[in-house]
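Chain by chain, the residues:
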Amino acid sequence: MDLMKLSKELSYALRHAPWEYELELDEEGWVEIPQLLVALHESPQWKDVTEADLEQMIQASEKKRHEICSGRIRALYGHSTPQKISKTPADPPEILYHGTPLRSVASIVEQGLQPRQRQYVHLSADMDTANQVGRRRDDEPVILKINAAQAAKDGILFYHGNENIWLADHIPVRYIEQ
Ligand code: HQG
């Protein structure tokens, strides 16, 4: 089974278009695995997918994009569905990073970091992760440094995505360094 393809399909279903699979995310983004499997089985390429395959898919991925708990599965970040997924605020590390294409920097230093199509701004815990994120759009991305501890002290809320990814609603310009 192509676990990478399965992961992409699940990200699409759980981050962006659950209704196409007749799924409804709960307020933390969870869906019942049996319901998800019913939807996947309608497609010939996923007709034999089992819960064990979903577990293997999560283990095999170099990025932790999904999690399973008590018979449910959810995407950990990346959502663009209209109803905002509720996340518990958490204390961020001192500094976070954001990799972005050079062409976006002028607008970011004017408006701050905005979620754009997604529900949250995505930040990286280390420069290497930020570089990988930025390289999706630019061979030589700009890595912005976010003064997260100060922003949190000033009342900006941060949320944990996975071990490398943090989320925020918006990062004002004064916490961003080039
Ligand atoms: C930019 C992938 C202009 C922002 C990745 C980014 C990540 C602005 C783009 C996760 C702006 C949004 C998320 C402003 C932000 N003016 N541009 N004011 N504010 N931007 O894809 O962070 O592999 O929604 O810099 O690895 O690139 O799918 O966010 O370039 O972890 O699991 O607007 O998605 O994860 O792009 O990536 P995105 P992102 P997966």
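Only a predicted model underlies this, so the values are computations on that prediction, with no experimental measurement involved.

What about the sheet that holds strand S2 (residues 66-69)?
Link 1 in the chain: On the basis of which strands lie adjacent, the open sheet formed by three strands has the order S1-S3-S2 and antiparallel pairing. Unpaired on one side and paired on the other, strand S1 (31-32) and S2 mark the two borders of the sheet.
Link 2 in the chain: Note: S1 against strand S3 (residues 72-75), two bridges, orientation antiparallel. Counted as the bridge partner of Glu32 is Arg72 from S3.
Link 3 in the chain: With respect to the sheet, helix H1 (residues 3-16) is in contact with S1, S2 and S3, its orientation differing from that of S3 by roughly 85°.

Some details on the site of the ligand
Link 1 in the chain: Close to the ligand lie 21 residues, the nearest being Lys63, His98, Thr100, Ser107 and Arg118.
Link 2 in the chain: The side chain of Arg15 places a nitrogen or oxygen atom 2.7 Å from an oxygen atom of the ligand.
Link 3 in the chain: In the model, a nitrogen atom of the ligand is placed 3.5 Å from a nitrogen or oxygen of the Arg116 side chain.
Link 4 in the chain: Alone, the ligand offers 790 Å² of accessible surface; in the complex the protein occludes 90% of this.
Link 5 in the chain: Taken together, the elements giving at least two residues each to the shell around the ligand come down to strand S4 (95-100) and helix H4 (102-111).
Link 6 in the chain: Among the elements that make up the shell around the ligand, the one with the highest residue count is H4 (four residues).
Link 7 in the chain: Of the residues contributing to the shell around the ligand, the split by class is six nonpolar, eight polar and seven charged.

Some thoughts on the side chain of Glu67
Link 1 in the chain: Note on placement: Glu67 falls in strand S2.
Link 2 in the chain: Given the relative accessible area of 18%, Glu67 is considered buried.
Link 3 in the chain: Here the side chain of Glu67 touches Arg74 through a polar contact of 2.6 Å, side chain to side chain.

Points about the domain arrangement of the chain
Link 1 in the chain: Split by domain assignment, the chain resolves into domain 1 (3-75) and domain 2 (95-177).
Link 2 in the chain: Using C-alpha coordinates to define each centre, domain 1 is positioned 27 Å away from domain 2.

Section: the packing of H1 against helix H3 (residues 51-60)
Link 1 in the chain: Where H1 contacts H3, the two axes come as close as 9 Å, and the packing angle between them is 100°. Considering the angle they form, H1 stands roughly perpendicular to H3. Every residue of H3 that contacts H1 at Leu3, Leu6, Ser7 and Leu10 is listed here: Asp53, Leu54, Gln56, Met57 and Ala60.
Link 2 in the chain: Each residue belonging to the contact of H1 with H3 can be placed in one class, and the counts come to six nonpolar, two polar and one charged.

Points about the nonpolar core
Link 1 in the chain: Leu6, Leu10, Leu36, Leu40, Leu54 and Ile73 are the most contacted members of the largest nonpolar core, which totals 22 residues.
Link 2 in the chain: Of all the elements in the fold, those that place two or more residues in this core are H1, helix H2 (33-41), H3 and S3.
Link 3 in the chain: Sequence-distant contacts of Leu10, that is, excluding residues within four places in its chain, are made with Arg15, Leu36, Leu40, Leu54, Met57, His66 and Ile73.
Link 4 in the chain: Listed in part, the 18 residues of the second largest apolar core include Leu96, Val105, Ala168 and Ile171.

About the thresholds
Residues numbered from 1 in each chain as written. Predicted model: local features only at pLDDT ≥ 70, side-chain atom pairs only at ≥ 80, totals over all residues. Heavy atoms only, no water. Pairing = 2+ DSSP bridges. Helix = DSSP H or I, 4+ residues; strand = E, 2+ residues; numbered from the N terminus. Contact = heavy atoms within 4.5 Å. Axes fitted to C-alpha atoms, helices over the stretch in contact; angles between N-to-C directions. Near = heavy atom within 4 Å. Polar contact = N/O pair within 3.5 Å; in protein donor to acceptor, adjacent residues only side chain to side chain. Areas by Shrake-Rupley, 256 points an atom, 1.4 Å probe, with all protein chains shown as cover. Nonpolar A, V, L, I, M, F, W, Y, C, P; charged D, E, K, R; others polar. Buried < 20%, exposed > 50% of the residue type's maximum accessible area, 1.4 Å probe, protein only. Domains from an automatic or database assignment. Parallel < 35°, antiparallel > 145°, perpendicular 65-115°, else oblique. Core = buried A, V, L, I, M, F, W, Y, C linked by side-chain atoms within 4.5 Å.

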